[in-house]
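Inside the fold
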Amino acid sequence: MSVSTPYRVIAILFVVGLFLLITQASMHDPARCAGAVDASIDATINQALCPIAHNLQNVVFMGASLDFMGLGLGSASLPLVVLLLVIVSLFLSVYLKFINVRGMGYGYRAALGRFEPEDDSAQGEGKISHFQALSAALSGTVGLGNIAGVAVAITAGGPGAAFWMVVVALILGATKFTECSLGNKYRVIHPDNTISGGAMYYLSRGFSNKGAGMAHLGIFLSTLFAIFCIGGSIGAGNMFQANQTYQQILASTGGEQSIFAGLGWLVGLVMAVLVGMVIISGIQRIVHVTEKLVPAMGVVYIGACLTILIVNYDQIGAALVQIVQEAFTPQAQYGGFLGAMIWGIKRAVFSNEAGMGSSPTAYAAVRTTHPISTGMVSLLEPFIDTAIVCVMTALVIVVTGVHTNVDGVQGVQLTSQAFGTVVGWFPSVLTIAIALFAFSSMITWSYYGLKCWTYLFGQALWIKNTFKIIFCLFIIVGAAADLREIIHISEAMVFLMVIPNVIGLAVLAPEVKRDLEEFERAHRL
């Protein structure tokens, strides 16, 4: 299934027009993009990306301060796209009777295969198990957003941002449940037995049942989503991962004196080759890799975090108090109360992807007789990703005190400093974890982007291979660019995905509620 030719043309024209608008506009501060004359490949790539990154950031995150009553809450503004996501998530939590909390028990048991019949034919159509889907989705979410993303949030919004990351993650569980249930329900099984699914399918197919006007709206929204998801896969799921992997390799091998200094493009080229070797084989190869990588990288990273926390056990209580206090106490240097909350929300969404519409692409391939069971399993994702992994990262940063003297340190380098305060060689352990996180995230996001690409342009082999080549080339770009530009591009693209997706979730919520009530009656939940 692909979008009809007129919509393909609209999609292409939209992308070209948006790109021209962004590159030609002068919404960025020229001084921020000015740098020393440098003929290196890395510097050339960075200079080209800078105006695009800042223009995207300014357009997507338009908003206004909520401190309209002069309550001293801070100077930070709340982007309208973030406000939209939070409102829809709160609505879904209440409307579905807090399924984001009460459904986790069933999701845990289903992920372990407790409810899967021994006879595969009784499990319904699909390619992968619940656990494999969870592993694939977690490989896209449990990644550098948990390591570098938390560091970015604390640097920009203070330790209190970590508190809001957890709160928002729990609320976003209802959004994750809704979109993953719909992703499985409206998937498409092609003649060659491959499966496609995701937000673009439930936006188009789900809206088609609601009249001609809604059908056209659904196709338009699905087209927009597919375009933005392709950008998100290249930004958040690709360039950001490559960038932070290179930065950690650079830091752990001598910084500016490293043999890799100025050779981000070369490190990116190696990563591109490794990723290309996996993604050429499709979803089944991807899940076979991720179901082994996810537990391995989790053990390595969480084990190192626990070691640091044990060494600093006497500081844990004070760190928790500081995180909670600064979540509500205005801190001017971080933009006040609103600064902590907004950065917490943005990094939570960036980290666990709830509301983006990306994870349903992986859950669409699950073998199941009822889509709701898939939604139940997906509830574990925000909890594991944010409430466990992100909190551990935040505690490591706060108990070691590295956040109090940032001095130009960005992203993963801050987490690396925290690791280095305990054992000198721990940053090397972090390098291994980051490489695993980044690799698994890139191969999963390549699948998300590919499904949107084929939704727009068709299922021909050459079309699929074209996207895979483009995806791998941008790994090189990401490794060479500056973190600020990568974060701006990544955040902008993933939050653009939120807009058409949450509109669809709000419209389709009633049928998800009916499906959930039917499922609960059948399983006596």
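Preceding block: the structure.
Residues numbered from 1 in each chain as written. Predicted model: local features only at pLDDT ≥ 70, side-chain atom pairs only at ≥ 80, totals over all residues. Heavy atoms only, no water.

1. Considering the packing of helix H14 (residues 313-328) against helix H18 (residues 380-400)
For clarity, the cut-off: Angles run from 0 to 180 degrees between N-to-C directions of axes, and those axes are lines fitted to C-alpha atoms, restricted for helices to the stretch in contact. A run of DSSP states H or I qualifies as a helix once it reaches four residues; a run of E qualifies as a strand once it reaches two. Both are numbered from the N-terminal end. Between 65 and 115 degrees an angle is taken as roughly perpendicular, under 35 as roughly parallel, over 145 as roughly antiparallel, and anywhere else as oblique. Contacts: residue pairs with any heavy atoms within 4.5 Å of one another. Residues were grouped as follows: Ala, Val, Leu, Ile, Met, Phe, Trp, Tyr, Cys and Pro as nonpolar; Asp, Glu, Lys and Arg as charged; and all remaining residues, including Gly, as polar.
Running from N to C, H14 and H18 point in directions that differ by 110°, and their axes come no closer than 9 Å. Here H14 is positioned roughly perpendicular relative to H18, judged by the angle of their axes. Contacts between H14 and H18 involve Gln315, Ile316, Ala319, Leu320, Gln322 and Ile323 from the first element and Leu395, Val398 and Val399 from the second. Across the contact of H14 with H18, the residue classes tally to seven nonpolar, two polar and no charged.

2. Section: the environment of Ile171
Counted only if it meets this: Throughout, exposure labels follow a simple rule: accessible area from a 1.4 Å probe, protein chains only, divided by the maximum for the residue type, with under 20% read as buried, over 50% as exposed, and the rest as partly exposed.
Looking at the secondary structure, you find Ile171 in helix H9 (residues 160-185). Classification of Ile171 by relative accessible area gives partly exposed; the value is 24%. With 183 residues separating them along the chain, Ile171 and Ala354 place their C-alpha atoms 9.6 Å apart. Dropping the residues within four chain positions of it, Ile171 is found in contact with Ser89, Leu90, Ser93 and Asn100.

3. What about the packing of aromatic side chains?
Selection rule: In this scheme Phe, Tyr and Trp rings, the latter by its six-membered ring, pair at centre separations within 6.5 Å, and the angle between planes marks the pair as stacked below 30 degrees, edge-to-face above 60, and tilted otherwise.
Overall, the coordinates contain seven aromatic pairs when judged by the stated rule. Measuring from centroid to centroid gives 5.6 Å for Trp453 and Phe467, while their planes differ by 40°, and the two rings are tilted. With Trp453 in helix H20 (residues 426-457) and Phe467 in helix H21 (residues 461-480), the pair connects residues that are 14 residues apart, well separated along the chain. The burial state of Trp453 is the same as that of Phe467; both residues are buried. An aromatic cluster is present here, built from Trp453, Phe457, Phe467 and Phe471 joined pairwise through their rings.

4. Some thoughts on unusual backbone geometry
What is expected of a backbone is that most residues other than glycine have negative phi and most peptide bonds are trans. With phi around 55°, Lys97 is a residue other than glycine that occupies positive phi space. One can find Lys97 in the loop between helix H4 (80-95) and helix H5 (99-102). Using a relative accessible area of 52% as the deciding quantity, one classes Lys97 as exposed. Even without a glycine there, the phi angle at Phe98 is positive, about 55°. You can see Phe98 is positioned in the loop between H4 and H5. Note on Phe98: relative accessible area 48%, which makes it partly exposed.

5. Some thoughts on the side chain of Ser378
Here Ser378 shows up in helix H17 (residues 371-378). In contact with Ser378, not counting residues within four places along its chain, are Lys176, Phe177, Cys180 and Tyr363.

6. Some remarks on a nonpolar patch on the surface
Convention followed: Distance thresholds for patches are 9 Å for like charges and 5 Å for nonpolar side chains (Val, Leu, Ile, Met, Phe, Trp, Tyr), applied to residues having over 30% relative accessible area and no salt bridge. Every accessible area reported is derived by Shrake-Rupley at a probe size of 1.4 Å, with residue values counting cover from the shown protein chains alone. The rule for a salt bridge is simple: a side-chain nitrogen of Lys or Arg has to be within 4 Å of a carboxyl oxygen of Asp or Glu.
A contiguous nonpolar surface patch, about 520 Å² in accessible area, is contributed by Leu266, Leu269, Val270, Val273, Leu274 and Met277. The exposure class of Val270 is partly exposed, given its relative accessible area of 49%.

7. Examining helix H10 (residues 199-207)
Among the nine residues of H10, eight are classified as buried, and the element is accordingly described as predominantly covered. All of the buried residues along H10 are Ala199, Met200, Tyr201, Tyr202, Leu203, Ser204, Gly206 and Phe207.

So, to be careful, I would describe these as geometric facts and stop short of saying anything about function.
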